[in-house]
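The primary structure of each chain is shown beneath.
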Amino acid sequence: MHKKLFIPGPTEVAPEVLAKMATPMIGHRSKDASNLQREITEKLRKLMYTANPILLSTTSGSGLMEGSLKSLTSKRAVVFSVGAFGDRWFKMAEANGIPADKHSAELGKPTTPEIVDQYLSTGKYDVFTITHNETSTGIMHNLEPFADLKKKYPDVYWLVDAVSSLGGVKIDVDKLGIDVCITSTQKALALPPGMAIASVTMRALEHAKTVKNRGLYLDLVDIYSYIEKKDHQYSSTPSLSHMFALNFQLDRILAEGLENRFNRHFEMAEYTRAWAKKHFALFPEEKFASQTLTTITNTKNISIADLNSGLGKLNMQISNGYGDLKEKTFRIAHMGELTMDDIKEVTSAIEKILQL
Ligand SMILES: *Cc1c(COP(=O)(O)O)cnc(C)c1O
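In this text, all values refer to a predicted model and were calculated from it rather than measured experimentally.

Along the protein, the regular secondary structure elements total 13 helices and 15 strands. Its C-alpha atoms give the protein a radius of gyration of 20 Å, near enough to 21 Å, the size a compact globule of 356 residues would have. For the protein, the C-alpha atoms occupy an extent of roughly 60 × 55 × 35 Å along the three principal directions. Buried positions account for 58% of the 356 residues belonging to the protein. Sequence-distant contacts, at least 24 apart, represent 72% of the contacts inside the protein between residues at least 6 apart. Summed over all atoms, the accessible surface of the protein reaches about 14,400 Å², with 51% contributed by carbon and sulfur. Averaged over its 43 positive side-chain charges, the protein has a centre that lies 2 Å from the centre of its 41 negative ones.

Direction of pairing for strand 3 (residues 77–81) relative to strand 4 (residues 100–104): parallel, over a ladder of five bridges. The residue bridging F80 from the neighbouring strand is H103, located in strand 4. For the segment spanning strand 3, helix 4 (residues 84–95) and strand 4, crossover handedness is right-handed.

Buried residues dominate strand 15 (residues 329–333), accounting for five of its five residues. Burial of strand 15 is two-sided: the residues T329, R331 and A333 facing one way and the residues F330 and I332 facing the other way are all buried. Bridge count for strand 12 (residues 293–297) against strand 15 is five bridges, and the pairing is antiparallel. Within strand 15, the residue paired with T294 across the bridge is I332. Note that strand 14 (residues 319–320) and strand 15 share two bridges and pair antiparallel. Bridge pairing links S319 to R331 in strand 15.

The next subject is the confidence of the model for the protein. On average, residues of the protein score 97 in pLDDT, and 100% of them reach the 70 mark or higher. Here helix 9 (residues 220–229) is the element of the protein with the lowest mean pLDDT, 94, and strand 9 (residues 180–184) is the one with the highest, 99.

Turning our attention to the domain arrangement of the protein. You can read the domains of the protein as domain 1 (4–10 + 258–354) and domain 2 (16–254). Centre-to-centre, using C-alpha coordinates, domain 1 lies 26 Å away from domain 2. Contact with domain 1, which involves 24 residues of that partner, is made by 33 residues of domain 2. Buried area between domain 1 and domain 2, summed over both chains or domains, comes out near 2,400 Å², and the portion from carbon and sulfur atoms is 61%. Summed over the shared surface of domain 1 and domain 2, the result is one salt bridge. A salt bridge links E337 to R252, with the shortest nitrogen-to-oxygen separation between them at 2.7 Å. Inspection of the domain 1/domain 2 interface yields 15 residue pairs in polar contact (both at pLDDT 80 or more). Counting only elements with at least two residues in the side of domain 1 that touches domain 2, the list comes to helix 11 (258–279) and strand 12.

With that out of the way, let us pick up the site of the ligand. Neighbouring the ligand are 14 residues; S60, S62, T135, D161 and K187 lie closest to it. G61 places a polar main-chain atom, nitrogen or oxygen, 2.8 Å from an oxygen atom of the ligand. Contacts to the ligand include S62, whose side-chain N or O atom sits 2.5 Å from an oxygen atom. When the free accessible area of the ligand is taken as 380 Å², the share hidden by the protein chains comes to 91%. Counting residues per element, the ones that place at least two in the shell around the ligand are helix 3 (61–72) and helix 4. Of the residues forming the shell around the ligand, the biggest block, three residues, is contributed by helix 3. Residues that form the shell around the ligand fall into these classes: three nonpolar, eight polar and three charged.

Hydrogen bonding along the main chain pairs the strands of a sheet, whether they run parallel or antiparallel. Ordered in space as 2-10-9-8-5-3-4, the seven strands form an open sheet in which the pairing is mixed. Because the sheet does not close on itself, it has two edges, and the strands there are strand 2 (54–57) and strand 4. Pairwise comparison of adjacent strand axes, ignoring direction, gives a mean angle of 20 degrees for this sheet. Each of strand 3, strand 4, strand 5 (127–131), strand 8 (157–161) and strand 9 touches helix 4; the most contacted strand, strand 4, lies at about 165 degrees to it. Where helix 9 meets the sheet, its contacts fall on strand 2, strand 9 and strand 10 (196–200), and the angle it forms with strand 2 comes to roughly 110 degrees.

Rules behind the numbers
Residues numbered from 1 in each chain as written. Predicted model: local features only at pLDDT ≥ 70, side-chain atom pairs only at ≥ 80, totals over all residues. Heavy atoms only, no water. Helix = DSSP H or I, 4+ residues; strand = E, 2+ residues; numbered from the N terminus. Rg over C-alpha atoms; globule rule 2.2 N^0.38 Å. Buried < 20%, exposed > 50% of the residue type's maximum accessible area, 1.4 Å probe, protein only. Contact = heavy atoms within 4.5 Å. Areas by Shrake-Rupley, 256 points an atom, 1.4 Å probe, with all protein chains shown as cover. Lys, Arg positive; Asp, Glu negative; His and termini not counted. Charge placed at Lys NZ, Arg CZ, Asp CG, Glu CD. Pairing = 2+ DSSP bridges. Right-handed = clockwise from strand over helix to strand, strands pointing away. pLDDT = per-residue confidence, 0-100. Domains from an automatic or database assignment. Buried area = accessible area lost by both parts, 1.4 Å probe. Salt bridge = Lys/Arg side-chain N within 4 Å of Asp/Glu carboxyl O. Polar contact = N/O pair within 3.5 Å; in protein donor to acceptor, adjacent residues only side chain to side chain. Near = heavy atom within 4 Å. Nonpolar A, V, L, I, M, F, W, Y, C, P; charged D, E, K, R; others polar. Axes fitted to C-alpha atoms, helices over the stretch in contact; angles between N-to-C directions.

Right, here's the structure in full:
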């Protein structure tokens, strides 16, 4: 029996979307492959509110996080971390020998525009990264204050990890002026894992051309050159299966209506937060609580493993805490295909199992 996933990725995939993964292959140098990429680009531009080029990479989201950091940093990058996924960005910098600094907020607290300003005002950096939605602590940032701040620093490039939020929350990429906005297929977009998606500004691509040692497979300039010069193709063979499913899923997302989709996520988040506060406590500062998942403090010291095996018997699964927060918190994701009925089902099942 399939367990319904309330974990922050991979998320539930609609059966008709899964079926598209089984579409017969086409040549990756064919006109059909170019058309597929072009259609996906047009639909993603709507979802991301952007006219920027769209890059796909046959990696998970981390691929384009690493690729963008490496392609764009010529002076020094500063990573603003609010948890495990911000830390990952810094590890990528270190592993690639990219000069970088990391600022960490206290867990459960957001990155503030003031701290970003302090770092950028030194003039040492040409790249800064923000985790839009930190999947470990359940913090989601309002991106507007960073967008305002960035106007003061026209030579700095802004990378946003929107892996666990894009598709569930409005991110107005062009209005915000995000240089690289990155997501994965397996979270709020509700597809199987295996592809990364990013929008990239032309000015970032121009800047990247001046950066040395960008690697090859994840070099944003190289990926873009095949889109531009080879009629929307790839230097290597992409996961066409994901592209078939993505193209179809984007139709479903646009048919739902973006506002409807974002509202559905907002309502699920509000419900889950109210439930969490009634029976446990919210881990993140409430003003910054995520719209796609809720990280709950384990105030009753329950065994999350036992809870999950109880839920497993009912064909459901939630998530324990991430990294250092493994036992201290647990997480309920409310993104992608899930609806209010699903959230009511899982929370009332938890109440029964724990006799709350
Ligand atoms: C899941 C996640 C990642 C990593 O994405 P992968 O697709 O697993 O590489 C990065 N950042 C955040 C915020 C995530 O939730």
